[in-house]
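Commentary on secondary and tertiary structure
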Amino acid sequence: MSFPYQIRSVDQYKAAYEQSVRDPEGFWSSIASTFQWQKPWEKTLEWDFKKPTIKWFAGGKLNITENCLDRHLDKLGNQPAIIWEPNDPEEHHRVLTYRDLYNKVVQFANVLKNNDVKKGDRVCIYMGMVPELAIAVLASARIGAIHSVVFGGFSAQSIADRLQDAQARFVITCDGAFRGNKEIPLKSVIDDALVQCPFVERVIVLTRTRTPVSMIKGRDTWWEDEIKKVETQGSPDCPAEVMDAEDMLFILYTSGSTGKPKGVVHTCGGYMVYTNYSFVNVFQYQPGDIHFCTADIGWITGHSYIVYGPLSAGVTSVLFEGVPTWPDAGRFWDIVDKYKVTILYTAPTAIRSLMGFGLEPVQRHDLSSLKVLGTVGEPINEEAWHWYDEHIGKRKCPIVDTWWQTETGGILISNLAGVTPAKPSFATLPLPGIQPILVDENGKEVAGNGVSGNLCIKFPWPGMLRTTYGDHERCRQNYFATYDNLYFTGDGCLRDEEGNYRITGRVDDVLNVSGHRIGTAEVENAINMHTGVVESAVVGYPHDIKGQGIYAFVIFQGNMQDEKLVRLDIASTVSRIIGPIAKPDKIQFVSGLPKTRSGKIMRRILRKIAEGETDKLGDTTTLLDPGVVEEIKNGKL
Ligand code: WT7
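Notes on the structure follow. (Residues numbered from 1 in each chain as written. Predicted model: local features only at pLDDT ≥ 70, side-chain atom pairs only at ≥ 80, totals over all residues. Heavy atoms only, no water.)

1. What to know about the packing of helix H5 (residues 98–114) against helix H6 (residues 131–143)
Worth spelling out the cut-off: Axes here refer to lines fitted to C-alpha atoms; in helices the fit is confined to the stretch in contact. Angles between the N-to-C directions go from 0 to 180 degrees. Helix numbering and strand numbering both begin at the N terminus, where a helix is a DSSP run of H or I of at least 4 residues and a strand a DSSP run of E of at least 2. For any helix crossing, the convention is left-handed if the near helix is rotated counterclockwise from the far helix by under a right angle, and right-handed if that rotation is clockwise. The contact rule is simple, with two residues in contact once any of their heavy atoms fall within 4.5 Å. Under this grouping Gly is polar, as are all residues other than the nonpolar Ala, Val, Leu, Ile, Met, Phe, Trp, Tyr, Cys and Pro and the charged Asp, Glu, Lys and Arg.
Packing of H5 against H6 brings their axes to within 8 Å, and their N-to-C directions diverge by 65°. Of the two elements, H5 crosses H6, and the hand of that crossing is right-handed. In this structure, H5 contributes Leu 101, Tyr 102, Lys 104, Val 105, Val 106, Phe 108, Ala 109, Leu 112 and Lys 113 to the contact, and H6 contributes Ile 135, Ala 136, Leu 138, Ala 139, Ser 140, Arg 142 and Ile 143. The class makeup of the residues in the contact of H5 with H6 is 12 nonpolar, one polar and three charged.

2. Focus on the sheet that holds strand E24 (residues 487–495)
The condition that has to hold: When DSSP finds two or more bridges between a pair of strands, those strands are recorded as paired.
What the four strands build is an open sheet, ordered E21-E22-E24-E25; its pairing is antiparallel. Each end of this open sheet is capped by a strand with a single partner; those strands are strand E21 (436–439) and strand E25 (501–506). Neighbour to neighbour, the strand axes of the sheet diverge by 45° on average, direction disregarded. For strand E22 (residues 451–457) and E24, the ladder comprises six bridges, and the chain directions are antiparallel. Looking at E24, one finds that Asn 454 is bridged to Gly 492.

3. Side note on the layout of surface pockets
Convention followed: Buriedness of a pocket was judged along seven lines, with at least five required to meet protein on both sides within 12 Å; pockets are open sets of points on a 1 Å grid over the protein atoms alone, cavities are sets where a 1.4 Å probe fits but cannot get out, and lining residues have an atom within 4 Å of a point. Grid points are joined across faces, edges and corners, and a volume is the space filled by probe spheres set on the points.
The computed volume of the second largest pocket comes to approximately 230 Å³. Lining the second largest pocket we find 14 residues, and of these Tyr 17, Pro 430, Gln 435, Pro 436 and Tyr 501 sit closest to its centre. If you tally residues by element for the lining of the second largest pocket, the top one is helix H1 (residues 10–22), at four residues. Its residues assigned to classes, the lining of the second largest pocket shows eight nonpolar, two polar and four charged.

4. A closer look at the nonpolar core
What counts here: Buried Ala, Val, Leu, Ile, Met, Phe, Trp, Tyr and Cys residues form a nonpolar core when they are joined through side-chain atoms within 4.5 Å. To sort residues, take the accessible area from a 1.4 Å probe on protein chains only and compare it with the maximum for the residue type: under 20% means buried, over 50% means exposed, and anything in between is partly exposed.
Ranked by internal contacts, the top residues of the largest apolar core, which has 168 residues, are Leu 101, Phe 108, Met 127, Leu 163, Trp 223, Phe 283 and Tyr 308. With residues up to four places along the chain from it excluded, the contact list for Leu 101 reads Leu 69, Ala 81, Ile 82, Leu 96, Ile 135, Leu 138 and Leu 311.

5. Description of the sheet that holds strand E17 (residues 316–320)
As summarised here, the arrangement of the seven strands in space is E5-E4-E17-E16-E18-E19-E20, forming an open sheet in which the pairing is mixed. Each edge of the sheet is formed by a strand with only one pairing partner; in this case those strands are strand E5 (94–97) and strand E20 (399–402). Across the sheet, the mean angle from the axis of one strand to that of its neighbour is 20°, orientation sign disregarded. The strands touched by helix H11 (residues 300–313) are strand E4 (80–85), strand E16 (290–293), E17, strand E18 (343–346) and strand E19 (372–376); relative to E16, the strand with the most contacts, the crossing angle is about 165°. Against the sheet, helix H15 (residues 382–392) contacts E18, E19 and E20, and its axis sits at roughly 155° relative to E19.

6. Structural notes on the environment of Gln 196
Among the secondary structure elements, Gln 196 is positioned in the loop between helix H8 (186–194) and strand E11 (202–206). For Gln 196, a relative accessible area of 34% corresponds to the partly exposed category. Here Gln 196 is in contact with Gln 157, Ala 160 and Gln 164, once residues within four sequence places are set aside.

7. A word on the packing of H1 against helix H2 (residues 24–32)
At a minimum axis distance of 5 Å, the contact between H1 and H2 shows a crossing angle of 120°. In this structure, H1 contributes Ala 16, Gln 19, Ser 20, Val 21 and Arg 22 to the contact, and H2 contributes Pro 24, Gly 26 and Phe 27. Residue composition of the contact of H1 with H2, grouped by class: four nonpolar, three polar and one charged.

8. Here's the deal with the side chain of Arg 352
Along the chain, Arg 352 turns up in helix H13 (residues 348–355). Given the relative accessible area of 11%, Arg 352 is considered buried.

The following block contains the structure:
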């Protein structure tokens, strides 16, 4: 496919940007009109950040799967849509052409229909990285069901919370998942979650690991048996449900500064247009590209840049089941060479971890197919940037540092590969349509260049979130209430003399651990559930590989004969409540926490201690018990 809105020069970027600000509706209309609509939209944009109300292309009817599949069949039917690389390199890979993927999506869409899934129903998908995960996502979209993919590393409790919040009556899972040398018993985790979710009517289970699972009569059914049923029914077709541009496409849960994850809602039309537009421009897609995004579909990066963005552009998307370090640290590079990958999109934490294995795993590979490299998820340090540039891109592949969030749907700030200049550790410039603004604590604009502030966006773009599921007020509070008439990202940011943006990290109580967002309050709640724990405070600290590590200060009044064991117990509780990704890296037992006279924990002080900057604690005289700070300092791990 070719895209009239692909920007090919700095001048075109400037012109597109200028038009997008002067005439946002005209700008986005002309892009949106290149997609396949069943009925044109009535109103391009309606918005009010105070409520917030955001509607793009309202009244327009479409189905995103027609844009990702049907419209490609004529020309790209025989081109691979998905190349699946299994966890075990000895196992055969699978190639699904656009035709194959289309067939499988409509087939599974019919399975969903047979199981009484209707438009608007929420379907929870908890699977490993197998092609059927993408098929389940697209099949839900095909019939207008709202998918809620839960990352395979989350615990039963986390799944139960999400199922309850979304009131999902349907679950799609696997018996198990392979990840490196581990086997994760997904169905068994689902079974534990469902103890708290009697409203779940149907669980469809794909066979992957063939690990023994319990299958409850009337509730659980095998994916393969369901497929057989639709095969005998004949009709291999499944007309795409007519969706309004503003109908919900999916919910994706993400952490914030409160204890409970929120369900970020994206809608059909705007999300489709924005993921496609950002994909085509940031990565400078060319026909024949093989795109390898190493994220999991359980996160927004996988939704937008493994599934919807690439497929809507007709690209070949590589889906990898395993991990970067198994069977050895050359696995990504094996995949690049095996499939002649042209675009590689990964996370700084993966790069840093692979750097630790030295150059040997890289040097035994060719890597000459690569044209564009990308990073996402956290600020990339210069050392990792240069390693990526030198050893992977051989100094000939532009690196795009893409800043965005679950809430933004797609990339907002990034250089465009080979078109606009890169600057190590800078996301650089906003995409056309994106109007960033920096503000101080009081919401006053910090204008000009060479300044820093809190990053907000002052005008809507098609891919932005519309609400948080079931609780619109929470959406307003979280994103639109801190500063009047602005979307607040939660990130701190610096703008250099040339106007390039550099994201400096979260300014709220949210951690970024290995590119995964984790709320400190969420971890504290989990720690506090452990018997003997009186109170806890969690902060982040710099971690060589993860970016941020989790440091927990814990007041414990239980049996403390073996400190090490108690630490493991607490970590295990956190793992059970949230998932292994939220396990604290360090747990320091303390007799008290630094609090203001009104009882608020002074996190600033704890953060400084965790960061090892004990000489920069600032004023501690207003504390309830200044003595406790000395004790904590001395006990630092
Ligand atoms: C947070 C969003 C967007 C997909 C992955 C994470 C941080 C993301 C960058 C970047 C600096 C980045 C921000 C943001 N972040 N990309 N290129 N440079 N920081 O999605 O879980 O919604 O997290 O990740 O702090 O707010 P997420």
